[in-house]
Amino acid sequence: MDSTGTILMPPGQSTFAGEVDALFYFIFWVGLIILVGVLTATLYFVFRYRQRGEDDPGLTSGPTHNTRLEILWSVIPTILVFFVFAWGFKTYLKMNIAPRDAMTVKATGQKWFWTFEYADGSTAVNELVVPVHHPVEVLLSSRDVIHSFYIPNFRVKMDVLPNRYTKLWFEATEAGTYDLFCAEYCGKGHSEMKAQVRVLGEPEYEKWQASSANLGEGLSLEEFGAELYASKACNACHSVDGSKMIGPSWKGTFGKEVRHTDGTTATSDENYLRESILDPQAHIIAGYAPVMPAFQGLLKDREIDALITYIKSLK
Ligand code: CUA
């Protein structure tokens, strides 16, 4: 069930978005009606029973109770609360139990990007590709701190914890590209920790599956490296024009003598770059913080070769 977007939320494009929105707006409008009612009554009583002049003793006595009124204001809210509970619980169960035929994608959060691993073993950074009209279960974990996996258009959000798995599922109802945010403050790069969900129609999805196995075929190593620079989110921390970001710029880095935080130096050659990508904590360049995630297991050999070739080309 789709729902249209409002000033409060983007359009809902998953099977349960309509249900989530209906419950949200029910609570919103009931809450607003009660708020207006209570405020109006308060203002009326303040005016009606105000002190009229210096010698007005004010209200000295009044009704002590009204049984009918008290039953009404106890029973009506109780019914409302149980109604909201039953409605919410029904939707909660639906959102928490993935259909049996759901495909599974593993998503890992770490400072400050998302990695997706598909059933065939292929991985991608900051881009999740799924078929439309098919349930997708996402198994979540974190490599460092607590993150939160949030896709506003699908009305799904789940905490992502280190040393524990959490999961959620959704079924997209419309092809398109949607934002995926980290919704838990996780440090300096939190606001940059965003990815995209690309929902593809059946034929496009099959085509994508066939092509995702290719490792930059038809591209030179340098071109493939330039593509990986963006697709693996290296560009979040490294510039290619010499400007200083969270990490050192890649421009002119090859063949240079680098100084580490522990005072040692090294020449930045192929083996040095390879180590810096796979095990970045081994040597930290002076002036930078040890924040780069290890890409061990996330990159294939041809991808590492391509990145090194690209860095070499940035003179
Ligand atoms: Cu990860 Cu905020």
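About the cut-offs
- Residues numbered from 1 in each chain as written.
- Predicted model: local features only at pLDDT ≥ 70, side-chain atom pairs only at ≥ 80, totals over all residues.
- Heavy atoms only, no water.
- pLDDT = per-residue confidence, 0-100.
- Helix = DSSP H or I, 4+ residues; strand = E, 2+ residues; numbered from the N terminus.
- Core = buried A, V, L, I, M, F, W, Y, C linked by side-chain atoms within 4.5 Å.
- Buried < 20%, exposed > 50% of the residue type's maximum accessible area, 1.4 Å probe, protein only.
- Contact = heavy atoms within 4.5 Å.
- Polar contact = N/O pair within 3.5 Å; in protein donor to acceptor, adjacent residues only side chain to side chain.
- Salt bridge = Lys/Arg side-chain N within 4 Å of Asp/Glu carboxyl O.
- Axes fitted to C-alpha atoms, helices over the stretch in contact; angles between N-to-C directions.
- Parallel < 35°, antiparallel > 145°, perpendicular 65-115°, else oblique.
- Left-handed = near helix turned anticlockwise from the far one by under 90°.
- Nonpolar A, V, L, I, M, F, W, Y, C, P; charged D, E, K, R; others polar.
- Patch = residues over 30% accessible without salt bridge, like charges linked within 9 Å, V, L, I, M, F, W, Y side chains within 5 Å.
- Areas by Shrake-Rupley, 256 points an atom, 1.4 Å probe, with all protein chains shown as cover.
- Phe/Tyr/Trp six-rings, centres within 6.5 Å; stacked < 30°, edge-to-face > 60°.
- Lys NZ or Arg CZ within 6 Å of the ring centre and 35° of its normal.
- Pairing = 2+ DSSP bridges.

### Examining the confidence of the model for the protein chain
- In the predicted model, the protein chain carries a mean pLDDT of 89, and 97% of its residues have values of at least 70.
- Taken element by element, the protein chain is modelled with least confidence in helix 3 (residues 202–212), mean pLDDT 82, and with most confidence in strand 6 (residues 147–151), mean pLDDT 97.

### Some words on the nonpolar core
- Within the largest apolar cluster, 38 residues are counted, with the highest numbers of intra-cluster contacts made by Phe-116, Phe-149 and Phe-170.
- Residues within four places of Phe-170 in sequence aside, it is in contact with Phe-16, Leu-128, Val-130, His-134, Pro-135, Val-136, Val-138, Ile-151, Phe-154 and Val-156.
- Counting 21 residues, the second largest nonpolar core, distinct from the first, contains Tyr-229, Trp-250, Ala-306 and Ile-308.

### Points about the side chain of Ser-249
- Looking at the secondary structure, you find Ser-249 in the loop between helix 4 (221–231) and strand 11 (257–259).
- In this structure the side chain of Ser-249 is engaged in a polar contact, spanning 2.8 Å, whose partner is the side chain of Ser-239.

### Some thoughts on the pattern of salt bridges
- Under the definition given, this model contains six salt bridges.
- Residues Lys-94 and Glu-19 are paired through a salt bridge, measuring 2.6 Å at the closest nitrogen-oxygen approach. Here the residue Lys-94 occupies a position in helix 2 (residues 67–96), and Glu-19 occupies one in helix 1 (residues 17–48), the gap between them amounting to 75 residues.
- According to the relative accessible area criterion, Lys-94 is partly exposed, its value standing at 40%.
- A relative accessible area of 10% places Glu-19 in the buried class.
- Arg-155 is the salt-bridge partner of Asp-21, the closest N and O atoms lying 2.6 Å from each other. Within this pair, whereas Asp-21 is found in helix 1, its partner Arg-155 is found in the loop between strand 6 and strand 7 (156–160), the two being separated by 134 residues in sequence. Residue Asp-21 shares its accessibility class with Arg-155, and that shared class is buried.

### Points about the packing of helix 1 against helix 2
- Relative orientation of the contacting elements helix 1 and helix 2 amounts to 160°, with a least axis distance of 10 Å. For the element pair helix 1 / helix 2, the angle class is roughly antiparallel. Along this stretch, helix 1 crosses helix 2, giving a crossing that reads as left-handed. For the pair helix 1 and helix 2, the contacting residues are Glu-19, Val-20, Ala-22, Leu-23, Phe-26, Ile-27, Val-30 and Ile-34 in the first and Leu-80, Phe-83, Val-84, Trp-87, Gly-88, Lys-90, Thr-91, Lys-94 and Met-95 in the second.
- Taken together, the residues of the contact of helix 1 with helix 2 sort by class into 12 nonpolar, two polar and three charged.

### Here's the deal with a nonpolar patch on the surface
- On the surface, Ile-7, Leu-8, Phe-24, Phe-28, Trp-29, Leu-32, Ile-33, Leu-35, Val-36 and Leu-39 cluster together to form a nonpolar patch covering roughly 1,000 Å² of accessible area.
- By secondary structure assignment, the location of Ile-7 is in the segment before helix 1.
- For Ile-7, a relative accessible area of 85% puts it in the exposed group.

### Structural notes on the packing of aromatic side chains
- Within the structure shown, the criterion is met by 20 aromatic pairs.
- Above the ring of Tyr-288, the side-chain terminus of Lys-244 is found at 4.9 Å from the ring centroid.

### Topic: unusual backbone geometry
- A cis amide bond links Lys-111 with the next residue in sequence, Trp-112, at an omega value of -5°.
- Within the secondary structure, Trp-112 is located in the loop between strand 1 (103–110) and strand 2 (113–117).
- In the Ramachandran plot, Ala-233 falls in the positive-phi region, its phi being about 65° despite a non-glycine side chain.
- Tracing the backbone through its elements, the reader meets Ala-233 in the loop between helix 4 and strand 11.

### Some words on the sheet that holds strand 2
- Strand order in this open sheet of five strands is 3-2-1-5-8, and the pairing throughout is mixed. The open sheet has two free edges, formed respectively by strand 3 (123–125) and strand 8 (166–170), since each of these has just one partner strand. With direction set aside, neighbouring strand axes in the sheet form an average angle of 25°.
- Here strand 5 (residues 136–142) pairs with strand 8 via five bridges, running antiparallel. For Leu-139, the partnering residue across the bridge sits in strand 8 and is Lys-167.

### As for the sheet that holds strand 9 (residues 176–182)
- Spatially, five strands are ordered 4-10-9-6-7 in an open sheet, and the strand pairing comes out mixed. At either margin of the open sheet sits one strand with a lone partner, and together these are strand 4 (127–131) and strand 7. When strand polarity is set aside, the average angle formed by the axes of neighbouring strands in this sheet is 20°.
- The pairing of strand 4 with strand 10 (residues 194–200) spans five bridges and is classified as parallel. Its bridge partner being in strand 10, Val-130 is matched across the sheet by Val-199.

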